[in-house]
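Structure assessment
What follows is each chain in one-letter form.
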Amino acid sequence: MSAVPETADDVCALPLVRRMAALLNRDPLGLAEGDPLPRGWHVAFFNPPTPQADLRYDGAAHLGVTLPDLGMPRLMMGGRKIDFLGDISIGAHLRRSSRTASVTEKSGKSGRFALIDIEHRITLEDGDQPVIVETSSYVLREAETGEIPAKPAPPPAPTPFPPADVTCTFVPDETVLFRYSAITDNPHRIHYDLPYARSEGYPALLVNGTIPAMVLLEMFRAHVGGEPACWRSRNVAPILCGSELTLTLTRDGDEWLTRVLTPGGVLAQEARVWP
């Protein structure tokens, strides 16, 4: 699907970078103007200042492109594909060109839904070659009917995996959700509005899948000793606020596999990373 790109400008501002460092337990003062931005931290930028009156019903802000009106008010992220083609210096002026790459409507047991891919190309303001090419995948769903299923779905079974090279535990609590949403200007209600999350059928707030991904990128940098060149992730199951997650990093030939496991060993997110 071709579309006219929508462009936006931003600055890789040192205060935001230091706030992200603090969230990830890195020394904020260890980063300064002119330093390369850790790869993956670009999520702090290009979050359009959506007027309050223009937020979606679920609180989601503008995504960089104008979505088609499909009558589906519930939005969630399905995954990301990121190619890091260069580095961004802290303090640099940036430009992003965004377009809707594809829209696919489907039907399932829960009703109609749509899969939307949005492509972003980030360049330095005075350059024409992208330093980052990212495709963000989203799922749009119909409004919640409020009906209770006749038979509740059984809990997912744990997935067996071979031993990982690196493992750590991580608990994303309300403070983590608040700080990350503040840094990225993410007003989606499912990350802070508990009654809304419960109305969607969840017993707790949902964790933005990018939060454990950022921790995994820190693990990758520490263990591999370098920055990633590519990242391919998909969100498999919801991550509940306050759950103790197991994050794993496993070598697979020239690639690395990252996984996020919820209590009980259920796979919630997986990604492939290329150094």
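Criteria and cut-off values
- Residues numbered from 1 in each chain as written.
- Predicted model: local features only at pLDDT ≥ 70, side-chain atom pairs only at ≥ 80, totals over all residues.
- Heavy atoms only, no water.
- pLDDT = per-residue confidence, 0-100.
- Helix = DSSP H or I, 4+ residues; strand = E, 2+ residues; numbered from the N terminus.
- Buried < 20%, exposed > 50% of the residue type's maximum accessible area, 1.4 Å probe, protein only.
- Polar contact = N/O pair within 3.5 Å; in protein donor to acceptor, adjacent residues only side chain to side chain.
- Contact = heavy atoms within 4.5 Å.
- Expected span 1.5 Å × (residues − 1).
- Pairing = 2+ DSSP bridges.
- Phe/Tyr/Trp six-rings, centres within 6.5 Å; stacked < 30°, edge-to-face > 60°.
- Lys NZ or Arg CZ within 6 Å of the ring centre and 35° of its normal.
- 1 Å grid on protein atoms, 1.4 Å probe; cavity = no way out; pocket = protein on both sides within 12 Å on 5 of 7 lines; lining within 4 Å.
- Points joined across faces, edges and corners; volume = space filled by probe spheres on them.
- Nonpolar A, V, L, I, M, F, W, Y, C, P; charged D, E, K, R; others polar.

1. Some points on the confidence of the model for the protein chain
- Here the protein chain averages 91 in pLDDT, while 95% of its residues score no lower than 70.
- Put simply, strand 3 (residues 93–108) is where the protein chain has its lowest mean pLDDT, 92, and helix 1 (residues 14–23) is where it has its highest, 98.

2. Details of the side chain of Arg 80
- With respect to the helices and strands, the residue Arg 80 is situated in strand 2 (residues 74–84).
- Its relative accessible area of 15% is what places Arg 80 among the buried residues.
- There is a polar contact of 2.7 Å between the side chain of Arg 80 and the side chain of Thr 210.
- In this structure Arg 80 touches Val 43, Glu 134, Thr 135, Ser 136, Thr 210, Trp 231, Arg 232 and Ser 233, once residues within four positions along its chain are discounted.

3. What to know about helix 4 (residues 210–224)
- The end-to-end C-alpha separation of helix 4 is 20 Å, in line with the 21 Å expected for 15 residues at 1.5 Å each.
- For helix 4, the set of buried residues is Thr 210, Ile 211, Pro 212, Ala 213, Met 214, Val 215, Leu 216, Leu 217, Glu 218, Met 219, Phe 220 and Arg 221.
- Of the residues flanking the end of helix 4, it is Gly 225, one or two places downstream, whose phi is positive at about 85 degrees.

4. Thoughts on the pairing of strand 2
- Strand direction decides the pairing type here: strand 2 and strand 5 (residues 130–141), joined by 10 bridges, are antiparallel. Bridge assignment links Leu 75 to a residue of strand 5, and that residue is Leu 140.
- Two strands pair when backbone bridges link them, and strand 2 and strand 7 (residues 230–235) are joined in this way by five bridges, in the antiparallel orientation. If you follow Gly 79 over to strand 7, its bridge partner there is Arg 234.

5. Some remarks on the packing of aromatic side chains
- This structure, assessed with the given rule, holds one aromatic pair.
- Measuring from centroid to centroid gives 6.1 Å for Tyr 57 and Tyr 196, while their planes differ by 70 degrees, and the two rings are edge-to-face. In this pair, Tyr 57 sits in the loop between helix 1 and strand 2 while Tyr 196 sits in helix 3 (residues 194–199), placing the two residues 139 residues apart along the sequence.
- Its relative accessible area of 56% is what places Tyr 57 among the exposed residues.
- The cationic tip of Arg 141 hangs over the ring face of Phe 113; the distance from NZ or CZ to the ring centre is 5.4 Å.

6. Overview of unusual backbone geometry
- Despite not being glycine, Asn 25 shows a phi value in the positive range, around 60 degrees.
- Here Asn 25 is to be found in the loop between helix 1 and strand 2.

7. Remarks on empty space enclosed by the protein
- Tallied over the full model, the rule gives two cavities of 30 Å³ or more.
- In this structure, the largest cavity encloses a volume near 150 Å³.
- Going through the elements one at a time, strand 2, helix 4 and strand 7 are the ones with two or more residues in the lining of the largest cavity.
- Sorting elements by how many residues they give to the lining of the largest cavity places strand 2 first, with five residues.
- Class assignment for the residues of the lining of the largest cavity results in eight nonpolar, eight polar and one charged.
- In this structure, the second largest cavity occupies an estimated 50 Å³ of space.
- Contributing to the lining of the second largest cavity are Leu 37, Pro 38, Arg 39, Gly 40, His 42, Phe 84, Gly 86, Asp 87, Ile 88 and Ile 132.
- When grouped by side-chain class, the residues that make up the lining of the second largest cavity number five nonpolar, three polar and two charged.

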